[in-house]
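The lines below spell out each chain.
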Amino acid sequence: MRLRLILITNPQTSGGLLVSCSPDSVKEVLDIFNQHQFLGARVIGQMSKRQEKPLVVS
């Protein structure tokens, strides 16, 4: 089975592209980025269950 990824970007932004995927597909997604010369792609975090108090990142 062939996996197809569609990345949607907003040309109004000048920052990096944020992509979300399931934990079990991280290696495959990074491999696809590398194949297309996006060599700076990195995992920067992970989602977790909602906690009682909100998490604020600044």
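Refer to the structure printed above.
Residues numbered from 1 in each chain as written. Predicted model: local features only at pLDDT ≥ 70, side-chain atom pairs only at ≥ 80, totals over all residues. Heavy atoms only, no water.

Below, the discussion takes up the overall build of the protein chain. Looking only at helices and strands, one finds one helix and zero strands in the protein chain. In the form shown here, the protein chain has an accessible surface area of approximately 6400 Å², with 55% of it arising from carbon and sulfur atoms. (Helix = DSSP H or I, 4+ residues; strand = E, 2+ residues; numbered from the N terminus. Areas by Shrake-Rupley, 256 points an atom, 1.4 Å probe, with all protein chains shown as cover.)

Along the chain, the position of Lys27 falls in helix H1 (residues 26-35). Residues Lys27 and Val43, spaced 16 residues apart in sequence, show a C-alpha to C-alpha distance of 9.9 Å. At 2.9 Å, the side chain of Lys27 forms a polar contact with the side chain of Asp31. (Polar contact = N/O pair within 3.5 Å; in protein donor to acceptor, adjacent residues only side chain to side chain.)

Bringing unusual backbone geometry into the picture now. Here the phi dihedral of Gln37 falls at roughly 65°; this positive angle occurs in a residue that is not glycine. Within the fold, Gln37 resides in the segment after H1.

For the rest of this paragraph, the subject is the packing of aromatic side chains. What characterises a pair of aromatic rings is the spacing of the ring centres plus the angle enclosed by the ring planes. If you walk through the whole model with that rule in mind, you get one aromatic pair. Arranged with centres 5.8 Å apart and planes meeting at 85°, the rings of Phe33 and Phe38 form a pair that is edge-to-face. Look at Phe33 and you get buried, because its relative accessible area is 13%. (Phe/Tyr/Trp six-rings, centres within 6.5 Å; stacked < 30°, edge-to-face > 60°. Buried < 20%, exposed > 50% of the residue type's maximum accessible area, 1.4 Å probe, protein only.)

Next up on the list: the pattern of salt bridges. Under the criterion given, the structure shown has one salt bridge. Here Lys27 makes a salt bridge to Asp31, at a shortest N to O gap of 2.9 Å. In this pair, Lys27 and Asp31 both sit in helix H1, four residues apart, roughly one turn of the helix. (Salt bridge = Lys/Arg side-chain N within 4 Å of Asp/Glu carboxyl O.)

None of this, on its own, says anything about what the molecule does.
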